[in-house]
Amino acid sequence: MARYELVKRSVALITLTNPPVNALSSAVRHAIAKSMDHALNDPKVTAVVICGENGRFCGGADIREFAGPLRGPPLVPLLDAIEAGEKPVVAAIEGVALGGGFELALVCHYRIAHFKARLGLPEVTLGILPAAGGTQRLPRLIGIPAALELITTGRHISAQEALKLGIVDQVTEQNACEVAVEFALRAVAKPLSSRRVSMLTTPCPPDLDGLLEAVTMQVKKKARGVMAPLACIQAVRAAATMPYSKGIKRESELMATLFNSGQARALQYCFFAQRTAGKWTLPSGAQWNNSKPREIRSAAIIGLGTMGRGIVVSLARVGISVIAVESEKKLLETGKQMVIGMLERDAKRRGVSASLNLLKFTLSLQDLKDVDLVIEAVFEDMALKKRVFQELSKVCRPATLLCTNTSGLDVDALAGVTDRPHLVVGMHFFSPAHVMKLLEVVCGPRSSSETIATAMILGKRMGKVSVAVGNCPGFVGNRMLKPYLDQATFLLEEGATPEQIDKALEDFGFAMGVFRMSDLAGLDVGWRVRKESGLTGPDVDPKNPPRRRQGRRYCPIPDMVCEQGRFGQKTGRGWYMYDKPGGTNAKPDPLIQNLLEMYRSRYGIQPRNISDQEIIERCLFALANEGFRILEDGIAARPEDIDVIYLFGYGFPRHGGGPMFYASMVGLERVLERLEHYHQAHPDVPHLEPSPLLKKLVACGSPPVQKWREHIKTMHSHL
Ligand code: CAA
Ligand code: NAI
């Protein structure tokens, strides 16, 4: 767990050896303590260098150990002892120095960083704070404003920025360890007192209270209801106002309030869920680590609308050459200008040159003969998409992968019209496609493992979080959205307002409430889908009661809103009113209030006061209930996959963990009881009827999320 060697006759080289990130597990902490003891007591040793194996200094505490009781030496006294030692200790930082790893570097008397190294205190993203002295030492070293920014955001910084801030003493392009050994030899004769960061006085800005207040406001605005950044601010205040010995106690008290909180558990779950999501498996045994992806050098996008443009940008900025196809000259030109503008802005922001030379624009599918992969992003119209896929079959070479960005249509039906169903897969991006991190890779029953592997890896290469899902209407994300949206509109009928529902969801932590989100996405999209599925429009039999469709409760209010030409932000009116078409500042609209009042009186609905608790329970438990059904149906392999989809595609707050983790945190028994209660009150809403899997899990004693898979029948897998 740590290797001890004597180099250059007098330098103790301690190498952390806990792959893959040299996390500070109990065994590693024990090994560091033993090695330091040895080094400090061996008269041959005049200086110490600490580094990490395989070019990675240290990724911080072993997060997996947080779930159990503390074993092995605690970190704070161990780090204090390193700093207090009488022999100079140099940190040789390669790869990463994060969290506890950064705190370990901070107690070393000198820090040498490789120019590619990244440093940071990401604890806040795990719902905790840097409690091994990080909140006390960093402000002493670099001052309050810079320390506050790093600690409250968890941002990783480059070695160059660390040098500018005064965190590291030297940046090198050579082997950091060798440079550190030479540095250590030179440091032997120098006094250490000024190198012990905990002994420094924190440089304090003139208006400390004003600064802390401003950062508190910022943090509250950015991460509503999240506890950890606020605790970080309090800890930094202690660094400014207390001696180290007291500050470190305050840090530890604050950590105690966070460590066992639901938010910390949720955020740590998200960390692992995100990494689990890439590990897909098929019933055939093919999986992420035994299926070889194809290399993709060139791609084509069909349709340069909202989605197509973002997909072109996502591909081109990772060096893939792209041919973009439109149906008409004018649309092609507009699309081209938009794509070029987006790429140029993106390149400017990243400080690189825009890869415009990778782009080609055409009206002819014939130009796609040689591409490695095609992503179709034309209108959501099955007949049109089938025509495109038939044409692609004829034009593209036999090995070209054919992908669709459909948001819910049958991927297998599209595969069926091609000459290569095994090379067809869904690549479902989210809008705006060059910004949103989620990619649902929709596996049809005939998609080959090589095809799935290629789409998953391509997603990763574009910086997306790829999740493999099965093929059913709406896949995972959009299928779950329906019961969630339905509950929101039923609540409107019963007496709530759009702003009340949105506020409850935003207070819960959603980036946007359901009505603001719908206004942003465009209300006409759902209206068209409802018309096509016979739920509204002239084809509906007028004898049908307006609030009932296909044997279940139906809310026609969204259709009424669309009938008034209110399509959301783009028309300047939707569930809210905006200053102008395309405006983003949502204001409650008295016309919507009137519409709701008239609607309720027309149907004799007595409005009632609806609590925020009911809003959250009905929207989120209905959402999770559909998630349980998706697991039962084998459309998602694991609850973690569903949660990752909601975290990265639908703005579910990370500190809630995602809908499935949230249900487990509330308690499955409670979720079941509340769903039964609401279903009894609304028997014509099947989405509120508890799913068999939920009942089964409760009957099995509500196991933790990670164990649900054991209770799901895998024979139904659609993956
Ligand atoms: N503890 C436990 N496991 C960790 C870990 C950690 N700190 N960091 C990474 N891992 C695991 C990952 O889960 C993953 O495991 P699997 O292969 O089983 O999926 C594996 O290491 C590789 O991780 P990545 O896939 O993320 O590898 P990467 O090369 O893309 O990224 C990294 C490397 C930048 C270090 C990234 O893993 C990361 O950000 N890790 C977390 C760093 C962090 O938050 N540290 C702070 C911990 S809290 C703390 O330190 C507080 C304290 O002092 C008490
Ligand atoms: P859009 O209407 O903005 O763009 C579609 C584009 O396809 C238009 O520019 C149109 O001219 C072009 N097109 C139509 N037929 C064509 C053909 N035969 N050849 C070449 N180009 C053709 O639609 P949008 O929103 O980009 O959606 C595209 C697809 O992505 C749909 O399947 C949609 O369901 C899906 N999707 C949409 C999301 C969204 O938020 N808009 C999110 C995720 C998926």
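For the chain, an unreviewed UniProt entry supplies the name Peroxisomal bifunctional enzyme and the organism Sinocyclocheilus rhinocerous. The annotation that UniProt attaches to the chain under Subunit (unreviewed entry) is "Monomer."

**Student:** What should I look at first to understand the site of ligand 2 in this one?
**Tutor:** The environment of ligand 2 is made up of 21 residues, and the closest members are Met307, Glu326, Glu380, Lys385 and Ser407. One of the backbone nitrogen or oxygen atoms of Thr306 is found 3.0 Å away from an oxygen atom of ligand 2. Glu326 places a side-chain nitrogen or oxygen 2.5 Å from an oxygen atom of ligand 2. Look at ligand 2: alone it shows 840 Å² of surface, and the protein chains cover 77% of it. Of all the elements in the fold, those that place two or more residues in the shell around ligand 2 are helix H12 (306–316), helix H14 (382–395) and strand S15 (424–429).

**Student:** Where do I start with the sheet that holds strand S6 (residues 110–114) in this structure?
**Tutor:** Within a sheet, adjacent strands bond to each other through the backbone by hydrogen bonds, running parallel or antiparallel. Read across the sheet, 6 strands follow the order S1-S2-S3-S4-S6-S9 without closing on themselves; strand pairing throughout is mixed. Unpaired on one side and paired on the other, strand S1 (2–7) and strand S9 (170–172) mark the two borders of the sheet. Strand-to-strand twist in this sheet, taken as the mean axis angle between neighbours without regard to direction, amounts to 20 degrees.

**Student:** When you look at the site of ligand 1 in this model, what are you seeing that I'm missing?
**Tutor:** Ligand 1 sits among 23 residues. The nearest are Arg56, Ala61, Gly100, Arg275 and Lys279. The contact in question runs from an oxygen atom of ligand 1 to an N or O atom on the side chain of Arg56, over 2.5 Å. Separating an oxygen atom of ligand 1 from a side-chain N or O atom of Lys279 is a distance of 2.5 Å. In isolation ligand 1 has 980 Å² of accessible area, and contact with the protein removes 76% of it. Every element with two or more residues in the shell around ligand 1 is listed here: helix H3 (100–107) and helix H11 (262–277). Its residues placed into classes, the shell around ligand 1 shows 11 nonpolar, 4 polar and 8 charged.

**Student:** What is the right way to read unusual backbone geometry from this model?
**Tutor:** The phi torsion of most residues other than glycine is negative, and most of the peptide bonds are trans. Cis rather than trans, the peptide bond between Pro19 and Pro20 has omega equal to 5 degrees. Position of Pro20 relative to the elements: it lies in the loop between strand S2 (11–16) and helix H1 (26–41). Ser431 connects to Pro432 through a cis peptide bond whose omega is -10 degrees. A positive phi is found at Lys8, a non-glycine position, where the angle reads about 50 degrees. The topology assignment puts Lys8 in the loop between S1 and S2. Despite not being glycine, Asn54 shows a phi value in the positive range, around 55 degrees. Considering the arrangement of structural elements, one finds Asn54 in the loop between strand S3 (47–52) and helix H2 (75–84).

**Student:** Honestly, the sheet that holds strand S7 (residues 118–120) in this entry has me stumped. Any pointers?
**Tutor:** On the basis of which strands lie adjacent, the open sheet formed by 3 strands has the order S5-S7-S8 and mixed pairing. Each edge of the open sheet is held by one strand with a lone partner, namely strand S5 (96–98) and strand S8 (157–158). Pairing between S7 and S8: 2 bridges, direction antiparallel. When the sheet's bridge partners are listed, Arg118 is paired in S8 with Ser158. Across the sheet, H3 touches S5 and S7, and the angle it forms with S5 is around 95 degrees.

**Student:** Looking at this structure, I do not really get the side chain of Glu494. What am I missing?
**Tutor:** By the element assignment, Glu494 lies in helix H17 (residues 477–494). Taking relative accessible area as the criterion, Glu494 reaches 8% and is therefore assigned buried. A distance of 3.0 Å separates the side chain of Glu494 from the side chain of Arg553, its partner in a polar contact. Dropping the residues within four chain positions of it, Glu494 is found in contact with Arg553, Arg600, Ile605, Gln606, Pro607, Arg608, Ile610, Glu614, Arg618 and His682.

**Student:** In this structure, what is going on with the nonpolar core? I would like to understand it.
**Tutor:** Where a protein is soluble and globular, its nonpolar side chains tend to be buried together. Core analysis: the largest hydrophobic core is formed by 103 residues, its most contacted members being Leu368, Ile501 and Leu620. At 11 residues, helix H23 (residues 612–632) tops the list of elements feeding residues into this core. Once residues lying within four places of it in the same chain are set aside, the contact partners of Ile501 are Ala488, Leu491, Leu492, Ala496, Val514, Phe515 and Ile615. Within the second largest apolar cluster, 65 residues are counted, among which are Ile50, Ala91, Ile93 and Cys232.

**Student:** Explain the packing of helix H18 (residues 498–508) against H23 here, please?
**Tutor:** Any two packed helices are characterised by how steeply their axes cross, that is the angle between the axes, and by the distance between the axes. Between H18 and H23, whose axes approach to 9 Å, the crossing angle comes to 75 degrees. Looking at the two axes, H18 sits roughly perpendicular to H23. Residues Gln500, Ile501, Ala504, Leu505 and Phe508 of H18 lie in contact with H23, whose contacting residues are Asp612, Ile615, Ile616, Cys619 and Leu620. Tallied by class, residues from the contact of H18 with H23 come to 8 nonpolar, 1 polar and 1 charged.

**Student:** Could you clarify how one ought to interpret the pattern of salt bridges in this entry?
**Tutor:** Between side chains of opposite charge, a pair can form as their charged atoms come close. One pass over the full model with this rule turns up 49 salt bridges. As a salt-bridge pair, Asp507 and Arg224 come within 2.7 Å of each other at their nearest N and O atoms. Pair noted here: Asp507 is in helix H18 and Arg224 is in the loop between helix H8 (208–222) and helix H9 (228–241), with a separation of 283 residues, a long-range link. A salt bridge links Lys394 to Glu391; the shortest N-O distance between them is 3.9 Å. In this pair, Lys394 and Glu391 are both assigned in helix H14, 3 residues apart and thus about one turn of the helix distant. One connected set of salt bridges, linked through shared partners, spans Glu493, Glu494, Arg547, Arg553, Arg608, Glu614 and Arg618.

**Student:** Just to check I follow, could you spell out the packing of aromatic side chains for this structure?
**Tutor:** When we look at a pair of aromatic rings, we describe it by the centre distance and by the angle of the planes. This structure, assessed with the given rule, holds 16 aromatic pairs. When the ring of Phe508 is compared with that of Tyr662, the centres are 4.9 Å apart and the planes differ by 80 degrees; the resulting orientation is edge-to-face. Residue Phe508 is located in helix H18, and its partner Tyr662 is located in helix H25 (residues 659–666); the two are separated by 154 residues in the primary sequence. An identical accessibility class is assigned to Phe508 and Tyr662; each is buried.

**Student:** What's the story with H25 in this structure? I'm lost.
**Tutor:** Note that an α-helix has 3.6 residues per turn; residues three or four places apart therefore point the same way. All buried positions along H25 are accounted for by Pro659, Met660, Phe661, Tyr662 and Ala663. The elements touched by buried residues of H25 are H11, H17, H18, H23, helix H24 (639–649) and helix H26 (668–681). Looking at the residues trailing H25, positive phi occurs at Gly667, about 110 degrees.

**Student:** Where do I start with the pairing of strand S11 (residues 321–325) in this structure?
**Tutor:** Successive residues of a regular strand alternate their side chains across the two faces of the sheet. By the criterion of burial, S11 is predominantly enclosed, with 4 of the 5 residues buried. Bridge analysis of strand S10 (residues 298–302) against S11 gives 5 bridges, and the strand direction is parallel. Residue pairing in the sheet places Ile301 in a bridge with Ala324 of S11. As judged from the 4 bridges shared by S11 and strand S12 (residues 359–362), these two strands associate in the parallel manner. When the sheet's bridge partners are listed, Val322 is paired in S12 with Leu359. In this fold, S11 hands off to helix H13 (residues 329–350), which returns the chain to S12; that crossover is right-handed.

**Student:** Would you mind going over the UniProt feature "domain: 3-hydroxyacyl-CoA dehydrogenase C-terminal" (unreviewed entry) in the chain with me for this structure?
**Tutor:** This chain's UniProt record puts "domain: 3-hydroxyacyl-CoA dehydrogenase C-terminal" (unreviewed entry) on residues 474–578 and 615–702. Secondary structure over residues 474–578 splits into 51% helix and 4% strand, and the C-alpha atoms at its two ends are 30 Å apart. Between the first and last C-alpha atoms of residues 615–702 the distance is 24 Å; the span itself is 67% helix and 0% strand.

Calculation rules
- Residues numbered from 1 in each chain as written.
- Chains lettered and ligands numbered in written order.
- Predicted model: local features only at pLDDT ≥ 70, side-chain atom pairs only at ≥ 80, totals over all residues.
- Heavy atoms only, no water.
- UniProt positions renumbered as here; feature names shortened; annotations may be inferred.
- Near = heavy atom within 4 Å.
- Polar contact = N/O pair within 3.5 Å; in protein donor to acceptor, adjacent residues only side chain to side chain.
- Areas by Shrake-Rupley, 256 points an atom, 1.4 Å probe, with all protein chains shown as cover.
- Helix = DSSP H or I, 4+ residues; strand = E, 2+ residues; numbered from the N terminus.
- Pairing = 2+ DSSP bridges.
- Axes fitted to C-alpha atoms, helices over the stretch in contact; angles between N-to-C directions.
- Nonpolar A, V, L, I, M, F, W, Y, C, P; charged D, E, K, R; others polar.
- Contact = heavy atoms within 4.5 Å.
- Buried < 20%, exposed > 50% of the residue type's maximum accessible area, 1.4 Å probe, protein only.
- Core = buried A, V, L, I, M, F, W, Y, C linked by side-chain atoms within 4.5 Å.
- Parallel < 35°, antiparallel > 145°, perpendicular 65-115°, else oblique.
- Salt bridge = Lys/Arg side-chain N within 4 Å of Asp/Glu carboxyl O.
- Phe/Tyr/Trp six-rings, centres within 6.5 Å; stacked < 30°, edge-to-face > 60°.
- Right-handed = clockwise from strand over helix to strand, strands pointing away.

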